[in-house]
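As a plain string of letters, each chain reads:
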Amino acid sequence: TGPGGDIKSARLRHILIRYQDGPRQANVPKGEVVRSRPEAEALLRQLLRELKVELDGLRRKFGRTKKAEDLWLHSTLFLKLCKEHSICPTSQKGGGMCGDMGWVSREAQRKMSKEFEAAVSVLRPGEWSDIVPSADGLHIVQRIA
């Protein structure tokens, strides 16, 4: 951490959904599903609902007093949804590495987008963001450390 408790980097994982509108459709890699932005947002909203249902179940099972960072250790859903839906390079590796972005500095977060940096800056370990845009597409980002 930096001065005043400002976090210099965060360990992140994500679910990335690319959307294509208009002429950019010609640049879609072979085999990748083409979605409009509203379709991508609808998919991510559904995934967020599924994650919330799982989190509520974990809270009932392990107690409401547990922090998100303790509860996510019991979660397998984020990894499952990443493997099923994300187009990030790590999504097909499976296991605990699925969606892993590694340690991402504040500068690297800012390069993804100001919205990305802002979303990550308020996350505590174990928490995930709402939908976050970047040049790569739309993300759900989870801070894991």
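Above this note sits the structure.
Residues numbered from 1 in each chain as written. Predicted model: local features only at pLDDT ≥ 70, side-chain atom pairs only at ≥ 80, totals over all residues. Heavy atoms only, no water.

(A) Geometry of the overall build of the protein. Within the protein, the regular secondary structure consists of five helices and four strands. Each helix (α) and strand (β) of the protein, taken in turn from the N terminus, gives the series β-α-α-α-β-α-α-β-β. Residues counted as buried form 43% of the 145 residues belonging to the protein. Of all intrachain contacts in the protein linking residues separated by at least 6 positions in sequence, the fraction that spans at least 24 positions is 57%. When the accessible surface of the protein is split by element, carbon and sulfur atoms take 53% of a total near 8,300 Å². (Helix = DSSP H or I, 4+ residues; strand = E, 2+ residues; numbered from the N terminus. Buried < 20%, exposed > 50% of the residue type's maximum accessible area, 1.4 Å probe, protein only. Contact = heavy atoms within 4.5 Å. Areas by Shrake-Rupley, 256 points an atom, 1.4 Å probe, with all protein chains shown as cover.)

(B) Local environment of helix H5 (residues 114–121). Along H5, the positions that sit buried rather than exposed are Phe116, Glu117, Ala119 and Val120. An end-on view of H5 places all buried positions within 165° of arc, on one side of the element. Contacts from the buried residues of H5 go to strand S1 (9–17), strand S2 (100–105), helix H4 (106–112), strand S3 (132–134) and strand S4 (137–143). (Arc of directions from axis to C-beta.)

(C) Looking closely at the pattern of salt bridges. With the rule as written, the count across this model stands at nine salt bridges. Arg110 is paired through a salt bridge with Glu117; the nearest N and O atoms lie 2.9 Å apart. On the basis of relative accessible area, Arg110 is assigned to the partly exposed category, the value being 41%. Among the ionic contacts, a cluster of salt bridges with common partners joins Arg106, Arg110 and Glu117. (Salt bridge = Lys/Arg side-chain N within 4 Å of Asp/Glu carboxyl O.)

(D) Seen up close, the sheet that holds S4. Pairing is antiparallel across the open sheet formed by four strands, whose spatial order is S2-S1-S4-S3. Strands with a single pairing partner mark the edges of an open sheet, and in this sheet they are S2 and S3. On average, each strand axis in the sheet is inclined to that of its neighbour by 45°, with strand direction left out of account. Sheet topology note: the S1/S2 ladder contains five bridges and is antiparallel. When the bridges of S2 are listed, Arg13 appears paired with Asp100. Against the sheet, helix H1 (residues 37–62) makes contact with S1, S3 and S4, and its axis sits at roughly 20° relative to S4, the strand it touches most. (Pairing = 2+ DSSP bridges. Axes fitted to C-alpha atoms, helices over the stretch in contact; angles between N-to-C directions.)

(E) Just the packing of H1 against helix H3 (residues 77–85), in detail. Contact pair H1 / H3: the axes reach a minimum separation of 10 Å and the direction vectors enclose 160°. Comparing the axis directions of H1 and H3 gives the class roughly antiparallel. The crossing of H1 and H3 is right-handed. Here Leu43, Leu47, Glu50, Leu51 and Glu54 of H1 come into contact with H3, specifically with Leu77, Phe78, Leu81 and His85. Looking at the contact of H1 with H3, its residues break down into six nonpolar, one polar and two charged. (Parallel < 35°, antiparallel > 145°, perpendicular 65-115°, else oblique. Left-handed = near helix turned anticlockwise from the far one by under 90°. Nonpolar A, V, L, I, M, F, W, Y, C, P; charged D, E, K, R; others polar.)

(F) Representation of the nonpolar core. Grouped together as the largest cluster of nonpolar side chains are 19 residues, with contacts concentrated most on Ile15, Leu44, Leu47 and Ile140. Elements supplying a minimum of two residues to this core: S1, H1, H3 and S4. Looking at this core, the element that brings in the most residues is H1, giving six residues. For Leu47, the contacting residues outside a window of four places in its chain are Ile15, Leu81, His85 and Ile140. Counting nine residues, the second largest nonpolar core, distinct from the first, contains Ala10, Val104, Met112 and Phe116. (Core = buried A, V, L, I, M, F, W, Y, C linked by side-chain atoms within 4.5 Å.)

(G) Structural detail: the side chain of Ser91. The topology assignment puts Ser91 in the loop between H3 and S2. We classify Ser91 as buried; its relative accessible area is 2%. Among the polar contacts made by the side chain of Ser91, one reaches the main-chain carbonyl oxygen of Ser86 at a distance of 3.1 Å. Excluding residues that lie within four positions of it along the chain, Ser91 makes contacts with Cys82, Lys83, Ser86, Cys98 and Gly99. (Polar contact = N/O pair within 3.5 Å; in protein donor to acceptor, adjacent residues only side chain to side chain.)

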